[in-house]
Amino acid sequence: MHGRVKVRTTEEERERKKKEQVLKMRAYRAAMTRIQKKRSLGELDDEMLGLTVQILLRNPDITTLWNIRRECVLRKTAELQKAMEEDEARSKQEVGKEDESNKPKVVKEDESDTPKVKKEDESDKPKVGEQADGDKKAAEQKADDTKEILAQQLQSIYKTELDLTEQCLMVNPKSYNGWHHRCWTLEQNPQADWQRELQLCNKYLKYDERNFHTWDYRRYVSDKASVPAEQELDFCTEKIKVNFSNYSSWHHRSLLLPKLYPNEQQDRPMSEHKLKEELEMVLTAAFTDPNDSSAWFYQRWLLGNGAHSEQTATVAAFRCWPHKAQLSLKKSHPELAQLTVQLISGQQTLQLQPWTAVNSEKNQWQCEQAIAIDPSQDYFLDVAGQRMQLAVQPSDQSLYYFVPPHATSSCSKELLTELQTQLQSCLDLLEYEPDSKWTLLTSALLMRAIDVSSYHEQSLTHLAKLEQVDALRQGYYKDLSARWTMEMALAKWPTSSSYPQLFELPTKMPRMPYAQYLIVADKISS
């Protein structure tokens, strides 16, 4: 009927979109063909930049086009830099010629070869001097103007790239290529405006406060702009208050706190005073929405021991026979050959080398070397400055060293009270929501942070419950249970009568964690 908008049917709409897609594909192929041809001919000009813009504004994730733009920008900036250098050299040359022309004239008289300065009319001197100074200033002003014009053209090139990336990021705020090209452009520009970039980050985080691309870019910009860490921490706090479910903001916070509040013992992520405050804040966030994982993940990091900060090779176990030595480390260390490993006895020092990795994890190493051992003497092992006293294995008079993995770290009374309060809150919540997986896991972690021995069985019970509640991650919980069980067994081993000859596995394990610690045992029984 007249006057009524015709509503397209599903088939008509599908056909219309198909035709549009065909037209877009033709235009894309034509533009890409033209771009590749110009690139092969080395025509990195303004037309090339215009062609890339047409495509990138529709799809900012074509890496090749961004690379071509970088080639164009580098050529244009190189030409401008060359022009600026040539203009500067020309200006110096012109000023030099003017100075030469303004020098007093030298003539020779007939009677003598002695050069004498020709006397000028006194009335002309000020006039000539003024004209010379004026010409010199005019030349300098002209050179400055030319230099400023070239500098403005250079900044115009960088501004064009920044404007393009900003438009592309509006199309796709999570474009890796868009953010990377923006970083590259700013690195090329010695006059980059970092404060403006901070404002841009704020703008994009208003659109999506959880966009990790923007958070990564903000870390880059804040470092360049020398933004105080305290200011960034306040910014994180504001964003978390707006939305607790913000993984990126929690992560950004975890990078700032160890710098602002370092822990001297490095057994906690930060100082205990600040850790207590963070635990209080994250508990509020977690209990606001128990099913949201972001705050629980952050709390788990808070309960960690800061072991990730270890940079040196930490010895877990060592054993030495007359024909070889074995060394185990807490964590993998691919460059053990670069460390100095020495066996010290009295005034004698023997350097043990070379070392070969025994396993793929590279946390267990072996050295084939003849070693004279006198069990009556005291021996020490020195690994990169770490010195440990060795004991004698009764079974074969070999030397050994062993220290069990630390399952938890000591804490102050105030922090312990806070941990106990949080554990009780989690247990209270489990009475109402017994199948809350995040509460079950966090309560188990809190138990281990408070007292590993007292809560060992209860924490394993929570993991067993998690295998049922969260069946998709059943393997993870089994591995975690095996690790905790093995940690407890290794901690108790030095007090057993079978130490160090025999180690009894606490349970059957398809994959044995902490296997590198058992090199000191003669036999492992199940």
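Residues numbered from 1 in each chain as written. Predicted model: local features only at pLDDT ≥ 70, side-chain atom pairs only at ≥ 80, totals over all residues. Heavy atoms only, no water.

This next bit is on the overall build of the protein chain. For the protein chain, the helix and strand inventory stands at 15 helices and 14 strands. The buried share of the protein chain, taken over its 526 residues, is 41%. Across the protein chain, the fraction of contacts at a sequence separation of at least 24, relative to all contacts at a separation of at least 6, is 63%. Working note: accessible area of the protein chain is about 30,800 Å², and carbon and sulfur atoms make up 50% of it. (Helix = DSSP H or I, 4+ residues; strand = E, 2+ residues; numbered from the N terminus. Buried < 20%, exposed > 50% of the residue type's maximum accessible area, 1.4 Å probe, protein only. Contact = heavy atoms within 4.5 Å. Areas by Shrake-Rupley, 256 points an atom, 1.4 Å probe, with all protein chains shown as cover.)

Below, the discussion takes up the sheet that holds strand β4 (residues 324–329). Pairing within the open sheet is antiparallel, and its six strands lie in the order β7-β8-β4-β3-β12-β11. Either end of the sheet is taken by a strand with one partner, and the two such strands are β7 (356–357) and β11 (391–392). Here four bridges tie strand β3 (residues 315–320) to strand β12 (residues 399–402), and the two strands are oriented antiparallel to one another. Its bridge partner lying in β12, arginine 319 is registered against tyrosine 400. (Pairing = 2+ DSSP bridges.)

The next subject is helix α8 (residues 229–242). With 14 residues, α8 extends 20 Å between its outermost C-alpha atoms, agreeing within 8% with the 20 Å of an ideal straight helix rising 1.5 Å per residue. Taken together, the buried positions of α8 are occupied by Glu232, Leu233, Phe235, Cys236, Thr237, Lys239 and Ile240. (Expected span 1.5 Å × (residues − 1).)

Attention now goes to the sheet that holds strand β9 (residues 380–383). Strand order across the open sheet formed by four strands is β6-β5-β9-β10, with antiparallel pairing between neighbours. Unpaired on one side and paired on the other, β6 (348–351) and β10 (386–389) mark the two borders of the sheet. Taken over all neighbouring pairs, the strand axes of this sheet differ in orientation by 25° on average, direction set aside. Judged from the four bridges that link them, strand β5 (residues 341–345) and β9 form a sheet pairing that is antiparallel. The residue bridging glutamine 342 from the neighbouring strand is aspartate 382, located in β9. (Axes fitted to C-alpha atoms, helices over the stretch in contact; angles between N-to-C directions.)

What follows deals with the packing of aromatic side chains. By convention here, two paired aromatic rings are described through the distance between centres and the angle between planes. Counted according to the given criterion, the structure contains 19 aromatic pairs. Here the aromatic rings of tryptophan 179 and tyrosine 204 are separated by 5.7 Å at their centres, their planes lie at 70°, and the arrangement is edge-to-face. Placement of tryptophan 179 in helix α5 (residues 176–188) and of tyrosine 204 in helix α6 (residues 194–207) is noted, with a sequence separation of 25 residues between them. Since its relative accessible area comes to 5%, tryptophan 179 is described here as buried. Every member of this aromatic cluster is reached through a ring pair, and the members are Tyr400, Phe402, Trp493, Tyr499, Phe503, Tyr514 and Tyr517. The residue whose ring lies beneath arginine 218 is phenylalanine 235, and the NZ or CZ to ring-centre distance is 3.6 Å. Above the face of the tryptophan 321 ring, lysine 324 is positioned so that its terminal group lies 5.2 Å from the ring centre. (Phe/Tyr/Trp six-rings, centres within 6.5 Å; stacked < 30°, edge-to-face > 60°. Lys NZ or Arg CZ within 6 Å of the ring centre and 35° of its normal.)

We now examine the state of the cysteines. Taken as a whole and judged by the stated rule, the model has zero disulfides. Here cysteine 183 is not disulfide-linked; the sulfur of cysteine 201 is the nearest cysteine sulfur, at 9.2 Å. Given the relative accessible area of 19%, cysteine 183 is considered buried. (Disulfide = S-S within 2.5 Å.)

What follows covers the nonpolar core. If you look at the biggest cluster of nonpolar residues, it comprises 40 residues, and the most contacted ones within it are Trp250, Leu279, Leu302, Leu303, Leu419, Leu463 and Trp484. Secondary-structure elements contributing two or more residues to this core are α8, α9 (247–260), α10 (272–288), α11 (293–302), α12 (413–432), α13 (437–450), α14 (456–469) and α15 (474–492). For this core, the leading source of residues is α13, giving nine residues. Once you skip the residues sitting within four places of it in the chain, leucine 419 turns out to touch Leu279, Leu303, Cys411, Leu446, Ala449 and Ile450. In this structure, Val315, Phe318, Val341 and Leu381 belong to the second largest nonpolar core, which totals 23 residues. (Core = buried A, V, L, I, M, F, W, Y, C linked by side-chain atoms within 4.5 Å.)

What follows is about unusual backbone geometry. Look at the link from glutamine 353 to proline 354: it is a cis peptide, with omega at -5°. Within the secondary structure layout, proline 354 lies in the loop between β6 and β7. Along the chain, tyrosine 499 connects to proline 500 via a cis peptide bond; the corresponding omega equals 0°. Turning to its location among the elements, proline 500 is positioned in the loop between α15 and β13 (502–504). In this structure, serine 226 takes a positive phi of about 55° despite not being glycine. Looking at the element boundaries, serine 226 is found in the loop between α7 (212–224) and α8. Since its relative accessible area comes to 60%, serine 226 is described here as exposed.

Looking now at the environment of glutamine 342. Examined against the element boundaries, glutamine 342 turns out to sit in strand β5. For the pair glutamine 342 and aspartate 382, spaced 40 residues apart in sequence, the C-alpha separation works out to 5.1 Å. Once you skip the residues sitting within four places of it in the chain, glutamine 342 turns out to touch Thr349, Leu350, Gln351, Phe380, Leu381 and Asp382.

With that out of the way, let us pick up the pairing of β3. Judged by how many residues are buried, β3 sits mostly within the fold: six of six residues are covered. Note: β3 against β4, five bridges, orientation antiparallel. Note on β4: the bridge partner recorded for valine 315 is leucine 329.

Moving on, we come to the side chain of lysine 38. Within the secondary structure, lysine 38 sits in helix α1 (residues 10–40). You can call lysine 38 buried: its relative accessible area is 1%. Not counting residues up to four positions away in its chain, the partners in contact with lysine 38 are Glu43, Asp45, Glu47, Met48 and Leu51.

Running from amino to carboxyl end, α13 crosses α14 at an angle of 160°, the nearest separation of the two axes being 9 Å. By the angle between their axes, α13 is roughly antiparallel relative to α14. Both α13 and α14 take part in a crossing whose hand is left-handed. Residues Lys437, Leu440, Leu441, Ser443, Ala444, Met447 and Arg448 of α13 form the contact with α14, whose participating residues are His456, Gln458, Ser459, His462, Leu463, Lys465, Leu466 and Val469. When the residues that make up the contact of α13 with α14 are grouped by side-chain class, the tally is seven nonpolar, five polar and three charged. (Parallel < 35°, antiparallel > 145°, perpendicular 65-115°, else oblique. Left-handed = near helix turned anticlockwise from the far one by under 90°. Nonpolar A, V, L, I, M, F, W, Y, C, P; charged D, E, K, R; others polar.)

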